[in-house]
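# Fold and contact review
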Amino acid sequence: MGYVIPIWSVTSVPVAGSSDTFPVRRIYCVGRNYAAHAREMGFDPDREPPFFFTKPADAIVVMSDPAKPTNVAYPPATKNLHHEMELVVAIGIGGADIKVEDALGHVFGYAAGLDMTRRDLQFAARDKGRPWDMGKGFDQSAPCGPIVPASESGHLSKGLIELKVNGAAKQKANLNELIWNVQETISYLSGLVRLEAGDLIYTGTPEGVGPVVKGDTLEGEIEGVGKFACKIV
Ligand code: MN
(Lines give C-alpha, C1' and ligand atoms only; values in the text may rest on other atoms or scores of the structure.)
Protein backbone atom coordinates (compact mmCIF):
# COMPACT_ATOMS: atom_id res chain seq x y z
CA MET A 1 0.00 0.00 0.00
CA GLY A 2 1.35 3.42 -0.89
CA TYR A 3 0.38 7.03 -0.50
CA VAL A 4 -1.70 8.31 -3.43
CA ILE A 5 0.13 11.65 -3.47
CA PRO A 6 3.81 12.36 -2.71
CA ILE A 7 4.38 12.40 1.05
CA TRP A 8 5.70 15.69 2.46
CA SER A 9 8.58 16.01 4.85
CA VAL A 10 8.09 16.55 8.56
CA THR A 11 8.69 20.15 9.66
CA SER A 12 11.57 20.26 12.10
CA VAL A 13 13.57 22.84 14.06
CA PRO A 14 17.30 22.37 14.70
CA VAL A 15 18.48 21.67 18.22
CA ALA A 16 21.11 24.23 19.23
CA GLY A 17 24.66 22.94 19.40
CA SER A 18 23.74 19.63 17.76
CA SER A 19 23.14 18.10 14.34
CA ASP A 20 19.80 16.76 15.61
CA THR A 21 16.41 18.29 14.90
CA PHE A 22 13.09 18.50 16.74
CA PRO A 23 10.12 17.29 14.66
CA VAL A 24 7.14 19.64 14.91
CA ARG A 25 3.73 18.06 15.37
CA ARG A 26 1.40 20.98 16.18
CA ILE A 27 1.73 24.65 17.12
CA TYR A 28 -0.36 26.09 19.96
CA CYS A 29 -0.25 29.79 20.82
CA VAL A 30 -1.40 31.64 23.94
CA GLY A 31 -3.31 34.91 23.52
CA ARG A 32 -2.76 37.98 25.74
CA ASN A 33 -0.29 36.50 28.21
CA TYR A 34 1.45 39.73 29.26
CA ALA A 35 -0.63 42.40 31.01
CA ALA A 36 0.80 45.38 29.12
CA HIS A 37 0.14 43.68 25.77
CA ALA A 38 -3.45 42.86 26.78
CA ARG A 39 -3.89 46.57 27.58
CA GLU A 40 -2.41 47.70 24.24
CA MET A 41 -4.91 45.38 22.49
CA GLY A 42 -7.73 47.06 24.42
CA PHE A 43 -8.37 44.44 27.11
CA ASP A 44 -8.33 44.33 30.88
CA PRO A 45 -5.38 42.15 31.91
CA ASP A 46 -7.23 40.51 34.78
CA ARG A 47 -6.09 36.97 35.27
CA GLU A 48 -8.86 35.30 33.29
CA PRO A 49 -8.14 31.75 32.08
CA PRO A 50 -5.63 31.54 29.21
CA PHE A 51 -6.97 31.04 25.69
CA PHE A 52 -5.33 29.38 22.75
CA PHE A 53 -5.19 29.37 18.97
CA THR A 54 -3.18 27.26 16.54
CA LYS A 55 -0.98 27.51 13.50
CA PRO A 56 -0.18 24.76 11.00
CA ALA A 57 3.14 23.00 11.71
CA ASP A 58 4.44 24.01 8.30
CA ALA A 59 4.03 27.71 9.16
CA ILE A 60 7.48 27.32 10.79
CA VAL A 61 10.40 29.16 9.23
CA VAL A 62 13.68 27.99 10.74
CA MET A 63 16.00 30.85 11.67
CA SER A 64 19.23 28.97 12.23
CA ASP A 65 21.93 31.64 12.14
CA PRO A 66 21.50 35.04 13.84
CA ALA A 67 24.48 36.34 11.86
CA LYS A 68 22.66 35.64 8.57
CA PRO A 69 19.03 36.88 8.65
CA THR A 70 16.59 34.30 7.32
CA ASN A 71 14.13 35.49 4.68
CA VAL A 72 10.48 35.54 5.80
CA ALA A 73 7.91 36.29 3.11
CA TYR A 74 5.50 39.23 3.56
CA PRO A 75 2.15 37.44 3.31
CA PRO A 76 -0.71 38.28 0.94
CA ALA A 77 -4.02 39.91 1.91
CA THR A 78 -2.71 42.27 4.58
CA LYS A 79 -1.59 45.86 4.96
CA ASN A 80 -0.72 45.48 8.65
CA LEU A 81 1.71 42.62 9.35
CA HIS A 82 2.79 42.70 13.02
CA HIS A 83 5.70 41.14 14.91
CA GLU A 84 5.00 39.31 18.17
CA MET A 85 8.18 38.19 19.95
CA GLU A 86 7.60 35.03 22.01
CA LEU A 87 9.18 32.32 24.14
CA VAL A 88 8.50 28.96 22.48
CA VAL A 89 8.22 25.78 24.55
CA ALA A 90 9.00 22.44 22.86
CA ILE A 91 7.09 19.50 24.35
CA GLY A 92 9.22 16.35 24.60
CA ILE A 93 6.83 14.07 26.49
CA GLY A 94 3.10 14.14 25.86
CA GLY A 95 0.29 13.95 28.36
CA ALA A 96 -3.24 14.96 29.31
CA ASP A 97 -4.35 16.72 32.50
CA ILE A 98 -0.74 17.47 33.42
CA LYS A 99 -0.39 18.91 36.91
CA VAL A 100 1.39 22.27 37.27
CA GLU A 101 4.05 20.66 39.47
CA ASP A 102 4.73 17.97 36.84
CA ALA A 103 4.59 20.22 33.76
CA LEU A 104 8.26 21.11 33.38
CA GLY A 105 9.08 17.40 33.14
CA HIS A 106 7.24 17.41 29.79
CA VAL A 107 9.45 20.15 28.29
CA PHE A 108 12.22 19.19 25.87
CA GLY A 109 13.52 22.72 25.46
CA TYR A 110 12.99 26.35 24.58
CA ALA A 111 13.31 28.59 21.54
CA ALA A 112 12.80 32.22 20.61
CA GLY A 113 10.18 32.74 17.93
CA LEU A 114 7.79 35.13 16.22
CA ASP A 115 4.01 34.87 16.10
CA MET A 116 3.61 36.92 12.92
CA THR A 117 0.11 38.35 12.70
CA ARG A 118 -2.01 39.87 9.95
CA ARG A 119 -3.44 42.35 12.47
CA ASP A 120 -6.03 43.78 10.07
CA LEU A 121 -7.48 40.33 9.38
CA GLN A 122 -7.29 39.33 13.06
CA PHE A 123 -9.17 42.47 14.18
CA ALA A 124 -11.77 42.13 11.41
CA ALA A 125 -12.42 38.55 12.55
CA ARG A 126 -12.38 39.48 16.23
CA ASP A 127 -14.88 42.32 15.72
CA LYS A 128 -17.30 39.95 13.98
CA GLY A 129 -16.82 37.14 16.50
CA ARG A 130 -15.18 34.98 13.82
CA PRO A 131 -12.10 32.72 14.14
CA TRP A 132 -8.62 34.26 14.08
CA ASP A 133 -7.12 31.58 11.83
CA MET A 134 -6.54 33.70 8.74
CA GLY A 135 -5.01 36.46 10.86
CA LYS A 136 -2.64 34.06 12.60
CA GLY A 137 -2.14 30.77 10.79
CA PHE A 138 -0.86 31.81 7.36
CA ASP A 139 2.22 30.59 5.47
CA GLN A 140 5.53 31.46 7.19
CA SER A 141 3.70 32.92 10.19
CA ALA A 142 5.84 31.07 12.76
CA PRO A 143 9.57 31.89 12.40
CA CYS A 144 11.50 29.98 15.08
CA GLY A 145 15.11 29.94 16.26
CA PRO A 146 17.00 26.80 17.32
CA ILE A 147 15.64 24.83 20.29
CA VAL A 148 17.89 24.82 23.35
CA PRO A 149 17.41 21.66 25.43
CA ALA A 150 16.17 22.40 28.94
CA SER A 151 19.00 20.16 30.13
CA GLU A 152 21.32 22.99 29.03
CA SER A 153 19.25 26.15 29.56
CA GLY A 154 17.45 25.11 32.71
CA HIS A 155 13.77 26.04 32.95
CA LEU A 156 12.96 29.65 32.25
CA SER A 157 10.97 31.70 34.73
CA LYS A 158 12.70 35.06 34.25
CA GLY A 159 15.06 36.86 31.93
CA LEU A 160 15.09 39.39 29.11
CA ILE A 161 12.86 38.93 26.08
CA GLU A 162 13.58 41.52 23.40
CA LEU A 163 12.88 42.27 19.75
CA LYS A 164 14.61 44.90 17.64
CA VAL A 165 13.42 46.11 14.25
CA ASN A 166 16.19 47.64 12.11
CA GLY A 167 18.30 47.95 15.25
CA ALA A 168 15.69 49.79 17.35
CA ALA A 169 14.23 48.04 20.41
CA LYS A 170 10.47 47.57 19.92
CA GLN A 171 9.59 44.89 22.47
CA LYS A 172 11.49 44.53 25.74
CA ALA A 173 10.17 42.73 28.78
CA ASN A 174 10.97 40.00 31.28
CA LEU A 175 9.70 36.43 31.18
CA ASN A 176 8.62 36.86 34.82
CA GLU A 177 5.85 39.15 33.49
CA LEU A 178 4.02 36.20 31.87
CA ILE A 179 0.48 36.13 33.28
CA TRP A 180 0.44 32.32 32.92
CA ASN A 181 3.95 30.90 33.29
CA VAL A 182 5.26 27.90 31.34
CA GLN A 183 4.11 25.22 33.77
CA GLU A 184 0.66 26.77 34.25
CA THR A 185 0.23 27.12 30.47
CA ILE A 186 1.16 23.47 29.86
CA SER A 187 -1.16 22.33 32.64
CA TYR A 188 -4.12 24.36 31.38
CA LEU A 189 -3.64 23.44 27.69
CA SER A 190 -3.26 19.74 28.51
CA GLY A 191 -6.71 19.90 30.07
CA LEU A 192 -8.14 20.98 26.72
CA VAL A 193 -6.17 18.69 24.40
CA ARG A 194 -3.77 15.84 25.00
CA LEU A 195 -0.30 17.30 24.38
CA GLU A 196 2.05 15.18 22.31
CA ALA A 197 5.81 15.06 21.87
CA GLY A 198 6.62 17.45 19.04
CA ASP A 199 4.10 20.09 20.00
CA LEU A 200 5.31 23.69 20.25
CA ILE A 201 3.68 26.30 22.46
CA TYR A 202 4.15 29.98 21.60
CA THR A 203 3.62 31.50 25.05
CA GLY A 204 2.43 34.99 24.11
CA THR A 205 4.00 38.36 23.39
CA PRO A 206 4.89 41.32 25.59
CA GLU A 207 3.87 44.89 24.76
CA GLY A 208 5.34 46.83 21.86
CA VAL A 209 3.90 44.89 18.91
CA GLY A 210 3.84 46.82 15.67
CA PRO A 211 3.92 46.70 11.89
CA VAL A 212 6.79 45.56 9.70
CA VAL A 213 7.36 46.13 5.99
CA LYS A 214 9.45 44.48 3.29
CA GLY A 215 13.14 45.11 3.89
CA ASP A 216 12.86 45.25 7.70
CA THR A 217 15.34 43.19 9.71
CA LEU A 218 14.05 41.67 12.97
CA GLU A 219 16.46 40.56 15.67
CA GLY A 220 15.17 38.70 18.71
CA GLU A 221 16.80 37.57 21.91
CA ILE A 222 15.71 35.64 24.97
CA GLU A 223 18.12 35.37 27.88
CA GLY A 224 19.17 31.75 28.26
CA VAL A 225 17.86 30.77 24.82
CA GLY A 226 19.77 32.94 22.38
CA LYS A 227 19.23 35.14 19.38
CA PHE A 228 17.64 35.01 15.93
CA ALA A 229 17.46 37.29 12.94
CA CYS A 230 15.15 37.45 9.95
CA LYS A 231 14.39 39.79 7.07
CA ILE A 232 10.92 40.49 5.69
CA VAL A 233 11.01 40.04 1.89
MN1 MN B 1 1.11 35.91 20.02
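Residues numbered from 1 in each chain as written. Predicted model: local features only at pLDDT ≥ 70, side-chain atom pairs only at ≥ 80, totals over all residues. Heavy atoms only, no water.

## Notes on the packing of aromatic side chains
Tallied over the entire structure, the rule returns five aromatic pairs. Three or more aromatic residues joined by ring pairs make a cluster, and in this case those are Phe51, Phe53 and Trp132. Sitting over the face of the ring of Phe43, Arg32 holds its NZ or CZ atom 3.4 Å from the ring centroid. Over the aromatic face of Phe138 sits the side chain of Lys55, whose NZ or CZ is 5.8 Å from the ring centroid. (Phe/Tyr/Trp six-rings, centres within 6.5 Å; stacked < 30°, edge-to-face > 60°. Lys NZ or Arg CZ within 6 Å of the ring centre and 35° of its normal.)

## What about the pairing of strand β8 (residues 85–91)?
Each regular strand carries side chains that alternate between the two faces of the sheet. Where burial is concerned, most of β8 is hidden: seven out of the seven residues are buried. With burial as the criterion, each face of β8 is covered, one bearing Met85, Leu87, Val89 and Ile91 and the other bearing Glu86, Val88 and Ala90. Strand direction decides the pairing type here: β8 and strand β9 (residues 107–114), joined by seven bridges, are antiparallel. Paired with Met85 across the strands is Leu114, a residue of β9. The pairing of β8 with strand β15 (residues 200–202) spans three bridges and is classified as antiparallel. Paired with Val89 across the two strands is Ile201, which belongs to β15. (Buried < 20%, exposed > 50% of the residue type's maximum accessible area, 1.4 Å probe, protein only. Helix = DSSP H or I, 4+ residues; strand = E, 2+ residues; numbered from the N terminus. Pairing = 2+ DSSP bridges.)

## A word on the coordination of the manganese ion
At this site the manganese ion is bound by Glu84 (OE), Glu86 (OE) and Asp115 (OD), with donor distances of 2.0 to 2.1 Å. Here the donor residues of the manganese ion are spaced in sequence according to E-x1-E-x28-D. Here Asp115 lies in the loop between β9 and β10 (117–118) and Glu84 lies in the loop between β7 (81–83) and β8, a separation of 31 residues in the sequence. You can call Glu84 buried: its relative accessible area is 4%. (Donors = N, O, S within 2.8 Å, 3.2 Å for Na, K, Ca; no water.)

## Overview of the side chain of Ser190
You can see Ser190 is positioned in the loop between α5 (182–189) and β15. On the accessibility criterion, Ser190 (2% relative accessible area) is buried. Among the polar contacts made by the side chain of Ser190, one reaches the main-chain amide nitrogen of Ile98 at a distance of 2.8 Å. (Polar contact = N/O pair within 3.5 Å; in protein donor to acceptor, adjacent residues only side chain to side chain.)

## Topic: the pattern of salt bridges
Where charged atoms of side chains with opposite charge meet at close range, the side chains can pair. Under the counting rule described, the total for this entry stands at eight salt bridges. For Lys55, the salt bridge goes to Asp115, with nearest N and O atoms at 2.8 Å. Of this pair, Lys55 sits in strand β4 (residues 51–55) while Asp115 is found in the loop between β9 and β10, placing the two residues 60 residues apart along the sequence. On the accessibility criterion, Lys55 (4% relative accessible area) is buried. Judged by relative accessible area, Asp115 falls into the buried class, the value being 0%. Glu84 is the partner of Lys136 in a salt bridge, and the nearest nitrogen-oxygen pair spans 3.2 Å. Highlighted residues: Lys136 in helix α3 (residues 133–136) and Glu84 in the loop between β7 and β8, separated in sequence by 52 residues. In this structure Lys136 comes out as buried when scored by relative accessible area, which is 2%. Residues joined in a network through salt bridges with shared partners are Lys55, Glu84, Asp115, Arg119 and Lys136. (Salt bridge = Lys/Arg side-chain N within 4 Å of Asp/Glu carboxyl O.)

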